[in-house]
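# A look at the structure
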Amino acid sequence: DKENDNSIEEKYTFAELIYYWIEKLNFNEDMLYLMMMNLDKLLNSKKIILNEKNVENIMFTCMVITQKYYEDEIFSDKDYSKLKNIDYDDLINMQMDFLEKINYSLLINKDDLEQYKIKMKRVWKKNMIFLLNS
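Presented here is a report on the structure given in the accompanying data block. (Residues numbered from 1 in each chain as written. Predicted model: local features only at pLDDT ≥ 70, side-chain atom pairs only at ≥ 80, totals over all residues. Heavy atoms only, no water.)

### A word on the side chain of glutamine 95
Our working rule: Strands are runs of DSSP state E lasting at least two residues, helices are runs of H or I lasting at least four, and both sets are numbered from the N terminus onward. Relative accessible area decides the class of each residue, using a 1.4 Å probe on protein chains only: under 20% of the type maximum gives buried, over 50% gives exposed, and in between gives partly exposed. In the analysis that follows, any N or O atom pair within 3.5 Å is treated as a polar contact, provided that within protein one partner can donate a hydrogen and the other can accept it, and provided that, for residues neighboring in sequence, both atoms belong to side chains. For this analysis, residues touch if any pair of their heavy atoms sits within 4.5 Å.
You can see glutamine 95 is positioned in helix 6 (residues 88-101). A residue is classified by how much of its surface remains accessible, and glutamine 95, at 6% relative accessible area, is buried. A polar contact of 2.8 Å, which involves the side chain of glutamine 95, links it to the side chain of lysine 68. Apart from residues lying up to four places away in sequence, glutamine 95 is in contact with Thr61, Val64, Ile65, Lys68 and Asp77.

Below is the structure:
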């Protein structure tokens, strides 16, 4: 089983891996926006810089924390660690580190979420037009 789990991350691109996690964690559109808002909080804290070595773990940790905070039905940390194929204690430490860096600030009000959706849809639309014109 471990061998099969390792091959999941090796055979997917980063984008495919994110999509795989989204599917497995049953993220809906709102959960994706909430996750992105939490990721923005981390990046705006200036306490971490995303790079090739940490981006995958940070994204996964952000997804786990977002799901735990905003969803009623969540997985156990053991299930999350199996999905990512990481050590249970490492997952716990990654979550604690993430939460500390954002000062445990997970509360997002509905109006902020709606404004964020509008903002991101504009950004994506602008980028899609740029891609279509190039």
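### Regarding the nonpolar core
The condition that has to hold: Here the nonpolar core consists of buried residues drawn from Ala, Val, Leu, Ile, Met, Phe, Trp, Tyr and Cys, with membership extended through side-chain atoms lying within 4.5 Å.
Core analysis: the largest hydrophobic core is formed by 37 residues, its most contacted members being Trp21, Phe27, Met35, Leu42, Phe60, Met63 and Phe98. Only helix 2 (14-25), helix 3 (29-44), helix 4 (55-70), helix 5 (77-84), helix 6 and helix 7 (110-133) provide two or more residues apiece to this core. If sequence neighbours within four positions are ignored, tryptophan 21 has contacts with Glu56, Phe60, Met63, Leu83 and Lys84.

### A closer look at the packing of aromatic side chains
Rule in force here: Only Phe, Tyr and Trp rings take part, Trp by its six-membered ring, and two of them pair if their centres are within 6.5 Å. Stacked means planes under 30 degrees apart, edge-to-face means over 60, and tilted covers everything else.
This model, assessed by the stated rule, comprises three aromatic pairs. With 4.9 Å between their ring centres and 65 degrees between their planes, tryptophan 21 and phenylalanine 60 make a pair best called edge-to-face. With tryptophan 21 in helix 2 and phenylalanine 60 in helix 4, this residue pair connects regions lying 39 residues apart in the sequence. The exposure class assigned to phenylalanine 60 is buried, which follows from its relative accessible area of 0%.

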